[in-house]
Amino acid sequence: MKKINYFLQVFVFLIFLTACRTSINEDDSITNSEENINESINSEKKRMEIKFSCGEDGISEYLDNGWVILKEDSQEKICTWKSFPATKGCDMEKDKGCKITKPDKIGEEKIYLLEK
């Protein structure tokens with residue numbers, strides 16, 4: 001019984017000893033990988049996507065700050081909506097169910113992919 005107890009104590013001690021040793025080695029590799037990540041982030045270029053719609057245009061501000069347009073896309077977009085009564089006797093303030101909403105002004109939305 002004493003031999004089994006002694007063997008278990010030695011076994012547990014060896015487990016603790018090897019566990020501490022591997023965690024020290026892992027800490028070194030984690031520190032080195034963080035330095036590599038920071039270096040690669042600094043070397044990467046920044047990208048941004050911006051949208052201007054319904055006659056807005058502020059792209060010149062970005063171009064003046066050193067951004068370059070990689071991709072430009074445009075699509076149709078509804079700028080304003082118009083509501084009108086469904087029937088002649090309909091009161092839109094009291095009865096919301098008789099109000100019909102349709103697009104009033106249709107404009108263009110420009111999407112820019114920028115890189116610096």
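Above: the structure in question.
Throughout what follows, the structure given in this document is the object of discussion. Since this is a predicted model, take the numbers as computed values, not measurements. (Residues numbered from 1 in each chain as written. Predicted model: local features only at pLDDT ≥ 70, side-chain atom pairs only at ≥ 80, totals over all residues. Heavy atoms only, no water.)

### Digging into the sheet that holds strand β2 (residues 68-85)
Part 1: Taking strand neighbours across the sheet as the criterion, the three strands line up as β1-β3-β2 in an open arrangement whose pairing is antiparallel. Of all strands in the sheet, those with a lone pairing partner are β1 (47-53) and β2, marking the two edges. The sheet shows a mean angle of 20° between the axes of neighbouring strands, direction not considered.
Part 2: Here 16 bridges tie β2 to strand β3 (residues 99-115), and the two strands are oriented antiparallel to one another. Bridge pairing in β3 places Ser74 opposite Lys110. (Pairing = 2+ DSSP bridges. Helix = DSSP H or I, 4+ residues; strand = E, 2+ residues; numbered from the N terminus. Axes fitted to C-alpha atoms, helices over the stretch in contact; angles between N-to-C directions.)

### Comments concerning the nonpolar core
Part 1: Judged by nonpolar contacts, Ile50, Phe52, Ile59, Trp67, Tyr112 and Leu114 together constitute the single largest core of six residues.
Part 2: For Ile59, the residues in contact, after removing those within four places along its chain, are Ile50, Phe52, Ile69, Tyr112 and Leu114. (Core = buried A, V, L, I, M, F, W, Y, C linked by side-chain atoms within 4.5 Å. Buried < 20%, exposed > 50% of the residue type's maximum accessible area, 1.4 Å probe, protein only. Contact = heavy atoms within 4.5 Å.)

### Side note on the packing of aromatic side chains
Part 1: Across all of its chains, the model carries one aromatic pair by this definition.
Part 2: Ring centres 6.2 Å apart and planes at 65° place the aromatic pair Phe52 and Tyr112 in the edge-to-face group. Of this pair, Phe52 sits in strand β1 while Tyr112 sits in strand β3, and the two are 60 residues apart along the sequence. Judged on exposure class, the residue Phe52 and its partner Tyr112 are both buried. (Phe/Tyr/Trp six-rings, centres within 6.5 Å; stacked < 30°, edge-to-face > 60°.)

### A few points about the pattern of salt bridges
It is possible for side chains bearing opposite charge to pair when their charged atoms get close.
Part 1: This structure, assessed with the given rule, holds two salt bridges.
Part 2: Among the salt bridges present, the one from Arg47 reaches Glu115, with a minimum N-O distance of 3.2 Å. Of this pair, Arg47 sits in strand β1 while Glu115 sits in strand β3; the two residues are 68 residues apart in sequence, bridging distant segments of the chain.
Part 3: On the basis of relative accessible area, Arg47 is assigned to the exposed category, the value being 59%.
Part 4: Lys77 serves as the salt-bridge partner of Glu109, at 3.8 Å between the closest nitrogen and oxygen. Taken together, the residues Glu109 in strand β3 and Lys77 in strand β2 connect sequence positions 32 residues apart.
Part 5: For Glu109, a relative accessible area of 10% gives the class buried. (Salt bridge = Lys/Arg side-chain N within 4 Å of Asp/Glu carboxyl O.)

Fair warning: the whole summary comes from geometry, so function is off the table for now.
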